[in-house]
Each structure stands twice: as structure tokens, then as C-alpha cells.
Amino acid sequence: MNRLLNQVSARIISNDEVLSYPGAAYFLLRLEATVISNTANPGQFLMLKCGDDCILRRPLSIHGLCDDSRIELLYRVIRTADGTPPGKGTDWLSQQKKGGKVNFIGPLGNGFKVAAESKRLLIVAGGIGFAPLGFLARQALSHGRQVTLLLGARSAAGIIPGNMIPSGATCVITTDDGSTGKKGLVIDMLPGYLEGADQIFACGPQAMLEKLASLPELHSKPVQVSLEVRMGCGTGACYGCSIRTTHGMKRVCREGPVFDIKDIIWQEVSI
Ligand code: FES
């Protein structure tokens, strides 16, 4: 299939700031996208065109589906000290209003694979890594699985609002400064929740994922991680997102973004 032909112009239902702290804000974008809402899976992403000034589309993880016709994207806008966003694309996107339209390609990528026999999932999200994992958690809960969600941020201001946490999940919050939840790094809490977990899923900063990969307690557990990297085409054509794995070079946009954590050669990855 030529994915470049699979473009959708979708109406914006809402585009609201849901979280803000010094240096960044998170927005939840809801789109009318009936054409893909029945085929998108947790871990997949869309490539959004962000205005005429941005040549490259922006990859955004799918955060959820609702009502068989709507798709949700949770994204972060970085802001510098003087308030200037360094990323033109997400800044443009954050200014789009209800009723407007955005053009995207997708769904793209492989998505998470939940084994049929898995009953208990342990999900580890750092920062905006919650975007694909919130979708995974909701879907798993709707299929009768138990979900424990470990959420980490630097401080209370960076923790996802309670109304966005999938209901039915056991949620454990950690912050680096202890301003809410348990004090410490989310990865440091993880060993205490491993027992009984059939599969582990994670997304977050590279340092977090690398530390996860180094935990000896995890070597006997199946762990999938979703990588967030810079992308050019998003469709497998440019090879700009390639990473080195134990199975050779892989394109994050086509063979990923979800990988078995054991397959990634972390010392050669920079995301
Ligand atoms: Fe072009 Fe992945 S972004 S191949």
C-alpha cells in the first residue's frame, strides 16, 4: 500500500490544554476521524501536517478512540524561558480551534502486542509517554485485564490530571521531588510491582527506558517499549528514524515504534 495516499482531512472537535508547567504544556486534540477509528491500535501514531511553514509532518501517538468516530491525540508543546516555543509544528497545532481541520497520514507503525493469555499488565509511563500507554491501558481494561499504571514526572505539575487516568487501573504516581505521590524515579518503584505482571509496557524519556533495560529483575519478563524519535517521512521511505537492534537496522516508523526492549542496542540509540 502506498501510505502517502492514505491522507485524511479531519475536523477538530476540541483542542484543549490539559496540563501546564514551566517549560511545557500538554494538549488533548480530538478529531472526527471515522475512517481510521476502527482500525487504530494502541502504540500506533499519526503524521500530522502542522501548517504551511512546517515541511515535515509531526508524529503524534494515538491516545484514544471514542464513539467509533473520534480519535484523541495527546501532545506536548515545549516552551522556552521567554515563552517562545522552539517547535513550530506543535505550537501551530496548539493554536488550532474547534471546527478547523488538520491533515494526517495514518494510523502508522506496529503498535503494542498484548498476548491473549496476559491477564495483568504493568504499564510504565514517563511524561508524555503516557500518550500511547493511556490508550493501551483503556483497551486492556475493556478486555477484562488488570492494569497497574506507574506514572512518573519531575513534580506534581507534570502529572496527568486524574480525570485522564483510565478508570479501573491501579495507578501509582511518583515524582522526582516528592511533591505528589511517592518520591523518586518511576523506574525505582517498578521492582515492587513486578510480581504477577504478565507483560510490561513502557514509554518515556530515553534515560528511563535505558534504566528499565538494565534492571536485572526484568530479564525474565516480556517488556515492550515505544520509542519517540524525530521522523522525516513517517512511512518508511527516508530511513531517517533507523536505529540499531540485535536484528539489524530497523525503522522506528515502520518496524516500530514498539520494540522488544531486549532487541534495542541502547548504547547506539539517541532519541
Ligand atoms: Fe522516514 Fe522512518 S521517518 S523511514
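Residues numbered from 1 in each chain as written. Predicted model: local features only at pLDDT ≥ 70, side-chain atom pairs only at ≥ 80, totals over all residues. Heavy atoms only, no water.

**What about helix α5 (residues 206-214)?**
Because an α-helix completes one turn every 3.6 residues, residues spaced three or four positions apart along the sequence face the same direction.
Reasoning step 1: Of the positions making up α5, those classed as buried are Q206, M208, L209 and L212. Viewed along the axis of α5, the buried residues span an arc of 160 degrees, placing them on a single side of the element. (Buried < 20%, exposed > 50% of the residue type's maximum accessible area, 1.4 Å probe, protein only. Helix = DSSP H or I, 4+ residues; strand = E, 2+ residues; numbered from the N terminus. Arc of directions from axis to C-beta.)

**Focus: helix α3 (residues 130-142)**
Reasoning step 1: Look at α3: 18 Å from first C-alpha to last across 13 residues, which is about the 18 Å you get at 1.5 Å a residue.
Reasoning step 2: F130, A131, P132, L133, G134, F135, L136, A137 and A140 are the residues of α3 that are buried.
Reasoning step 3: Its buried side turned inward, α3 meets β4 (58-66), β5 (70-78), β7 (120-126), β8 (146-153) and β11 (199-203).
Reasoning step 4: Phi turns positive, to about 85 degrees, at G144, one or two residues after α3. (Expected span 1.5 Å × (residues − 1). Contact = heavy atoms within 4.5 Å.)

**As for the sheet that holds strand β15 (residues 258-260)**
Reasoning step 1: Ordered by their spatial adjacency, seven strands build an open sheet running β10-β9-β8-β7-β11-β12-β15, and the pairing between neighbours is mixed. Looking at the sheet topology across the chains shown, the edges are occupied by β10 (182-183) and β15.
Reasoning step 2: Of the pairings in the sheet, the one linking strand β9 (residues 170-175) to β10 comprises two bridges and is parallel in character. Of the residues in β10, the one forming a bridge with T174 is K182.
Reasoning step 3: Along the sheet, α3 makes contact with β7, β8 and β11, crossing β7 at roughly 160 degrees.
Reasoning step 4: The strands touched by α5 within the sheet are β7, β11 and β12 (223-226), with β11 carrying the most contacts at an inclination of about 155 degrees. (Pairing = 2+ DSSP bridges. Axes fitted to C-alpha atoms, helices over the stretch in contact; angles between N-to-C directions.)

**Focus: the domain arrangement of the protein**
The parts lose accessible area when they come together, and the size of an interface is often stated as this lost area.
Reasoning step 1: Segmenting the protein into domains produces domain 1 (8-108) and domain 2 (120-226).
Reasoning step 2: Look at where the C-alpha atoms of domain 1 and domain 2 centre, and you get two points 23 Å apart.
Reasoning step 3: In this complex, domain 1 contributes 19 residues to the contact, which on the side of domain 2 involves 16 residues.
Reasoning step 4: Note on domain 1 versus domain 2: buried area summed over both sides is about 1400 Å², and carbon and sulfur give 71% of it.
Reasoning step 5: Here domain 1 and domain 2 share zero salt bridges between them.
Reasoning step 6: Taken together, domain 1 and domain 2 are joined by four residue pairs in polar contact (both at pLDDT 80 or more).
Reasoning step 7: Elements with a minimum of two residues in the side of domain 1 that touches domain 2: β1 (7-21), β2 (24-32), β4 and β5.
Reasoning step 8: Residue contributions to the side of domain 1 that touches domain 2 peak at five residues, all from β4.
Reasoning step 9: Of the residues belonging to the side of domain 1 that touches domain 2, the class tally is 11 nonpolar, six polar and two charged. (Domains from an automatic or database assignment. Buried area = accessible area lost by both parts, 1.4 Å probe. Salt bridge = Lys/Arg side-chain N within 4 Å of Asp/Glu carboxyl O. Polar contact = N/O pair within 3.5 Å; in protein donor to acceptor, adjacent residues only side chain to side chain. Nonpolar A, V, L, I, M, F, W, Y, C, P; charged D, E, K, R; others polar.)

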